[in-house]
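# Architecture and fold: a report
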Amino acid sequence: MKILIDFFPILLFFGAYKFYGIYVGTAVLMAATVLQMALIYAIDRRLQTMHKVTLVLILLFGTLTLVLQDDRFIKWKPTVLYGAMSVALAVAVWVLKKNFLKLLLGSQLALPDGVWHRLNVAWIVYCAFMSAINAYVVVNFSTEAWVDFKLWGYVFPLVFLVAQGIYVAPHLKNDEPAA
């Protein structure tokens, strides 16, 4: 159920774009994201910081796209979001000496500090990569190609999350006694 909530704004955006164009697609994305956040809030009774940032950026860049009738704004939103995440994680770990991943997930996952550090670095690199690849597609390809990339580009986060799970699994502490 939760995975459907995560993917439905991009799927609705893609469908609206294919039938009605980028501006209707952008409006649908904005409305679907508001609905998505309302559903997440109804289920969890809170929104994580990432949810709030995503919502603000989609509404901001979407509004600029619609008001100015310039699709560059919505196309640059992922670059800005991923770039900001990469910089925030890097500053936190190397300047502030804080690991935000551990702060956010440490109560759910018991991992050694070295594993948390490597995960944080992996997220920094992943977010920088996603920011760069989106920028490359925006600059070098048509809006239609960018929309297709947005849909099919979901393979990147899926591969990253699976790889992360494979990496973390051996490091999880098993609290159950052996039988």
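The structure contained in this document is the topic of the report that follows. (Residues numbered from 1 in each chain as written. Predicted model: local features only at pLDDT ≥ 70, side-chain atom pairs only at ≥ 80, totals over all residues. Heavy atoms only, no water.)

Right, let's get into the pattern of salt bridges. Within the structure shown, the criterion is met by five salt bridges. With a shortest N-O distance of 2.6 Å, Arg-72 and Asp-70 are connected by a salt bridge. With a relative accessible area of 51%, Arg-72 lands in the exposed category. The partner of Lys-102 in a salt bridge is Asp-113, with the nearest N and O atoms 2.4 Å apart. Remark: Asp-113 occurs in helix H6 (residues 113-140) and Lys-102 occurs in helix H5 (residues 100-105); sequence separation between them is eleven residues. Of the residues examined, Lys-102 reaches a relative accessible area of 34% and is grouped as partly exposed. Residues joined in a network through salt bridges with shared partners are Lys-18, Glu-144 and Asp-148. (Salt bridge = Lys/Arg side-chain N within 4 Å of Asp/Glu carboxyl O. Buried < 20%, exposed > 50% of the residue type's maximum accessible area, 1.4 Å probe, protein only. Helix = DSSP H or I, 4+ residues; strand = E, 2+ residues; numbered from the N terminus.)

What follows covers the nonpolar core. One finds Phe-13, Ile-22, Leu-119, Trp-123, Tyr-126, Trp-146 and Val-147 to be the most contacted residues of the largest nonpolar core, which totals 36 residues. Mapped onto this core, the elements with two or more residues apiece are helix H1 (2-20), helix H2 (22-44), helix H3 (49-68), helix H4 (72-94), H6, helix H7 (143-152) and helix H8 (155-168). In terms of residue count, H6 provides more of this core than any other element does, eleven residues in total. (Core = buried A, V, L, I, M, F, W, Y, C linked by side-chain atoms within 4.5 Å.)

Before going further, it helps to spend a moment on the packing of H6 against H7. Between two packed helices, both the angle of their axes relative to each other and the distance between the axes serve to describe the pair. At a closest axis distance of 8 Å, the pairing of H6 and H7 adopts a crossing angle of 155 degrees. With respect to H7, the axis of H6 lies roughly antiparallel. Crossing of H6 against H7: the hand is right-handed. Residue-level contacts link Ile-133, Asn-134, Val-137 and Val-138 of H6 to Ala-145, Trp-146, Phe-149 and Lys-150 of H7. Tallied by class, residues from the contact of H6 with H7 come to six nonpolar, one polar and one charged. (Axes fitted to C-alpha atoms, helices over the stretch in contact; angles between N-to-C directions. Parallel < 35°, antiparallel > 145°, perpendicular 65-115°, else oblique. Left-handed = near helix turned anticlockwise from the far one by under 90°. Contact = heavy atoms within 4.5 Å. Nonpolar A, V, L, I, M, F, W, Y, C, P; charged D, E, K, R; others polar.)

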